[in-house]
Amino acid sequence: MSNPMYSFSDDCSPLSDRERVNLPYYGVDVRPAHERIYDFDEILLPFDEQRARFEAARCIHCPTPAACVTACPVHNDIPTIMCLIEKGNFLEASQTFRLTSTIPEICGRVCPQEKLCQGSCVHNLRNEPVLIGPLEVFVTDYERSVKGSITIRKGAPSGRKVAIVGGGPSGLACAERLINFGHDVTVYDQRPIPGGLLMYGIPGFKLSSKVLMAKLNELQNAGIHFVTNTFIGKDITIDALFNDGFDAVYISVGAGVDAQLNIPGEDLPGVFKGTEFLIRSNVNLDLLPPGMTTRPKIGKRVAVIGGGDTASDCERTSIRLGAQEVFCIYRRTEDEMPGVSKDRTFARQEGTRYLFLTQPIRFIADGNGKLTAMECVRMELGEKDAKGRRSPVPIPDSNFILEIDTAITAVGYYPFPSIGETGLDVTRNGLIAIDSKTGATSRRGIYAGGDAVRGPSLVVEATADGIRAASSIHEYLTKL
Ligand SMILES: Cc1cc2nc3c(=O)[nH]c(=O)nc-3n(C[C@H](O)[C@H](O)[C@H](O)COP(=O)(O)OP(=O)(O)OC[C@H]3O[C@@H](n4cnc5c(N)ncnc54)[C@H](O)[C@@H]3O)c2cc1C
């Protein structure tokens, strides 16, 4: 190792206690960092009735189309809902969310509201936005606490059968709306339990699995059939589904394959792929998929490579698993980071340090073949690329060594290769090509949506696709 060792400078220093206390909470009350890093429970502290009514009363009910409604991918009627909450009509408010969204209790918890509804609230011009996300959580949790469970409406039987391939938020949204229309719906998933990244990705400190389990029970009670541990494309083909009597298929297989850095040492013990690391760390042992049945062993100094939400989730999970120092390594600056700043704030509060303009170029093993360090190079920002983002360019002779014993790569995802084998048209990036208005693919009776069509996106966008495709499928089925 002839390159200099990294010594801490301002760009990487942890926050002082004083800074931690002063960091903005985005108006949301969360459990203090020194308490929450010892468990995987949700960090959001729920509103009480008085606080919810006070917060909703801040909405000035902008005329239609209100910017918050336009910015919401499922177009929740936020001004009406705020009016209902202000008056204390919490049940009606929750039901109004459910008119446009199938999983408001989940979106309220995981949506990047700062980029969507709250980000477009008119109050941002002078003040803090109305806290729509926490209010969504409050009223939907209130509804469940009062009713015990939510009854999903079942339409009069149509005699038509639809198969959903992939039980993530997109598939579940499509399934629920198809049941509302009266169709018979079966959801196939390769994992031991449906939910997609809601179960096998997003950690419990953002979304408790209890919330998802309650929703899955309600879907099952409504008559949706779930067939798990079944990989469509291998165990059953799409053609076989049609031969078995299904009249239409919705494909929502996500984009669940971790991208690689493609640098030497990536296969060393101690180097983990982001999603696998999150699954093995967060999911109950009895629900872990085959091949991932043990908890990851992490060391004391962890480097997480990437700048998205997955990176923040891996950092915060590492801290909860006992890592003493956690670094986020990102090749551009914080301004270019794709992840939401709220999650970065929480990661910082919990102890993550950031090394910007830094690119790993190899992982280094000790004499026993164990990860011991990472060689990095400093970057600077060069010309803008096609998307308008300035490209990182290595600075010559700026290499240095960062001593670590665990690395987690969180540098993006691409679609499951199985989707190319269905005979469907795919885009240059391997995503399923669809008609953007209907969700129809190039094969009659097959529709698609979610990350398998968009690439890595958001829970609420995947949900919106499922809802839209269900309407198209219903129209298709009524004309058969
Ligand atoms: C770590 C992580 C954190 C995230 N955090 C957030 C967040 O905080 N907020 C947010 O809005 N978004 C977040 N996202 C993005 C969000 O989770 C996805 O955009 C969303 O889950 C996509 O939904 P989907 O239904 O299209 O796919 P998925 O949720 O990926 O579900 C696809 C399902 O298809 C199944 N499947 C795949 N292939 C087959 C097959 N051949 N046969 C049968 N089943 C199959 C999979 O097992 C899976 O259950 C995060 C993503 C990751 C990876």
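Residues numbered from 1 in each chain as written. Predicted model: local features only at pLDDT ≥ 70, side-chain atom pairs only at ≥ 80, totals over all residues.

**Q** An account of the overall build of the protein chain is requested, with residue identities and associated values reported.
**A** Per the secondary structure count, the protein chain includes 16 helices and 16 strands. A compact globule built from 480 residues would reach a C-alpha radius of gyration of about 23 Å, and the protein chain, at 23 Å, matches this within 12%. For the protein chain, the spread of C-alpha atoms along the principal axes amounts to about 70 × 55 × 45 Å. The 480 residues of the protein chain split such that 46% are buried. (Helix = DSSP H or I, 4+ residues; strand = E, 2+ residues; numbered from the N terminus. Rg over C-alpha atoms; globule rule 2.2 N^0.38 Å. Buried ≥ 20, exposed ≤ 12 C-beta atoms within 10 Å, placed from the backbone.)

**Q** Mind laying out unusual backbone geometry, listing which residues take part and the relevant values?
**A** A negative phi angle characterises most non-glycine residues, just as the trans form characterises most peptide bonds. Between Thr64 and Pro65 the backbone carries a cis peptide bond, its omega angle lying at -5°. With respect to the element layout, Pro65 can be found in the loop between helix H3 (49-56) and helix H4 (67-71). Its identity as a non-glycine residue notwithstanding, Asn262 has a phi of 55°, on the positive side. Topologically, Asn262 is positioned in the loop between strand E5 (257-258) and strand E6 (271-273). C-beta crowding within 10 Å serves as the criterion here: with 7 such atoms nearby, Asn262 is assigned to the exposed category.

**Q** Give me the lowdown on the sheet that holds strand E14 (residues 406-409), citing residues and values where you can.
**A** Sheet strands pair via backbone hydrogen bonds, and the direction of the pair is either parallel or antiparallel. Taken in spatial order, the five strands of this open sheet run E6-E14-E7-E8-E9, and their pairing is parallel. With partners counted over all chains shown, the strands left at the sheet margins are E6 and strand E9 (352-355), one partner each. With strand direction ignored, the average angle separating the axes of adjacent strands in the sheet is 25°. (Pairing = 2+ DSSP bridges. Axes fitted to C-alpha atoms, helices over the stretch in contact; angles between N-to-C directions.)

**Q** So, helix H5 (residues 78-86): which residues are in play, and what are the values?
**A** When we look at burial in H5, the residues that qualify are Ile78, Ile81, Met82, Leu84 and Ile85. Buried residues along H5 cover an arc of 160° about the axis, so they all sit on one side. Structurally, H5 contributes buried residues whose contacts are with H3, H4, helix H6 (90-100) and helix H8 (132-147). Directly beyond the C-terminal end of H5, a positive phi value near 85° is found at Gly88. (Arc of directions from axis to C-beta. Contact = placed C-beta atoms within 7 Å.)

**Q** Before we move on, could you go through the confidence of the model for the protein chain and cite the residues and values that matter?
**A** With 94% of its residues at a pLDDT of 70 or more, the protein chain has an overall mean of 92. Low confidence marks residues 8-25, where pLDDT is under 50. Its contacts with residues over four positions away, or in another chain, come to 19 contacts. (pLDDT = per-residue confidence, 0-100.)

**Q** Go over the nonpolar core, please, and point to the residues and values.
**A** In terms of nonpolar packing, the biggest core is built from 123 residues, with Ile85, Ile164, Ala175, Tyr250, Ala303 and Val304 touching the most fellow members. Of all the elements, helix H16 (residues 459-478) adds the most residues to this core, at nine residues. The residues contacting Ala303, other than those within four sequence positions of it, are Phe327, Ile329, Met374, Leu402, Ile404 and Ala407. (Core = buried A, V, L, I, M, F, W, Y, C linked by C-beta atoms within 7 Å.)

**Q** An account of the site of the ligand is requested, with residue identities and associated values reported.
**A** If you check the shell around the ligand, you find 40 residues, and the closest are Gly166, Gly168, Gly196, Gly254 and Gly450. For the shell around the ligand, the secondary-structure elements that each account for two or more residues are helix H9 (169-180), helix H12 (274-282), helix H13 (309-320), helix H15 (451-454) and H16. Considering only residue class, the shell around the ligand consists of 17 nonpolar, 17 polar and six charged. Residue-level mapping places the shell around the ligand at the junction of two domains, with at least three residues from each of domain 1 (10-30 + 259-412) and domain 3 (161-256 + 415-478). (Near = placed C-beta within 6 Å. Nonpolar A, V, L, I, M, F, W, Y, C, P; charged D, E, K, R; others polar. Domains from an automatic or database assignment.)

**Q** Account for the packing of H13 against helix H14 (residues 341-349), with residues named and values stated.
**A** At a minimum axis separation of 9 Å, H13 and H14 run at an interaxial angle of 20°. By the angle between their directions, the pair H13 and H14 is classed as roughly parallel. For the pair H13 and H14, the sense of crossing is left-handed. Residues Asp309, Ser312, Glu315 and Arg316 of H13 form the contact with H14, whose own contacting residues are Asp343, Arg344, Phe346 and Ala347. (Parallel < 35°, antiparallel > 145°, perpendicular 65-115°, else oblique. Left-handed = near helix turned anticlockwise from the far one by under 90°.)

**Q** Hey, could you go over the sheet that holds strand E16 (residues 446-448) for me, with residue numbers and the actual values?
**A** One open sheet holds the five strands; their spatial order is E3-E2-E1-E4-E16, and the pairing between them is parallel. Single-partner strands in this sheet number two, and they are strand E3 (225-227) and E16. Taking the axes of each pair of neighbouring strands and ignoring which way they run, one obtains an average angle of 20° across the sheet. Summarising the sheet, strand E1 (residues 161-165) and strand E4 (residues 248-251) pair through four bridges and their orientation is parallel. Across the sheet, the residue bridging to Val162 is Ala248, located in E4. Of the strands in this sheet, E1, strand E2 (184-188) and E4 are in contact with H9, which crosses E2 at around 165°.

**Q** Please provide a residue-by-residue account of the domain arrangement of the protein chain, values included.
**A** Each assigned domain of the protein chain is listed here: domain 1 (10-30 + 259-412), domain 2 (49-147) and domain 3 (161-256 + 415-478). Taken over C-alpha atoms, the centre of domain 2 sits 27 Å from the centre of domain 3. Each partner contributes to the interface: domain 2 provides 13 residues, whereas domain 3 provides 19 residues. No other element matches the five residues that helix H7 (residues 104-110) contributes to the side of domain 2 that touches domain 3. When the residues that make up the side of domain 2 that touches domain 3 are grouped by side-chain class, the tally is eight nonpolar, two polar and three charged.

**Q** Can you break down the packing of H12 against H13 residue by residue, with the values?
**A** Close contact between H12 and H13 brings their axes to 10 Å; oriented N to C, the two are set at 40°. When the interaxial angle is binned, H12 and H13 end up oblique. Where H12 crosses over H13, the two elements pack in a sense that is left-handed. For the pair formed by H12 and H13, the contact residues are Gly274, Phe277, Leu278, Ser281 and Asn282 on the first element and Thr310, Asp313, Cys314 and Thr317 on the second. A breakdown of the residues in the contact of H12 with H13 according to their chemical character gives three nonpolar, five polar and one charged.

**Q** Got a sec to walk through the environment of Leu355? Specific residues and values, please.
**A** Examined against the element boundaries, Leu355 turns out to sit in strand E9. Along the primary structure Leu355 and Phe327 are separated by 28 residues, whereas in three dimensions their C-alpha atoms are 6.9 Å apart.

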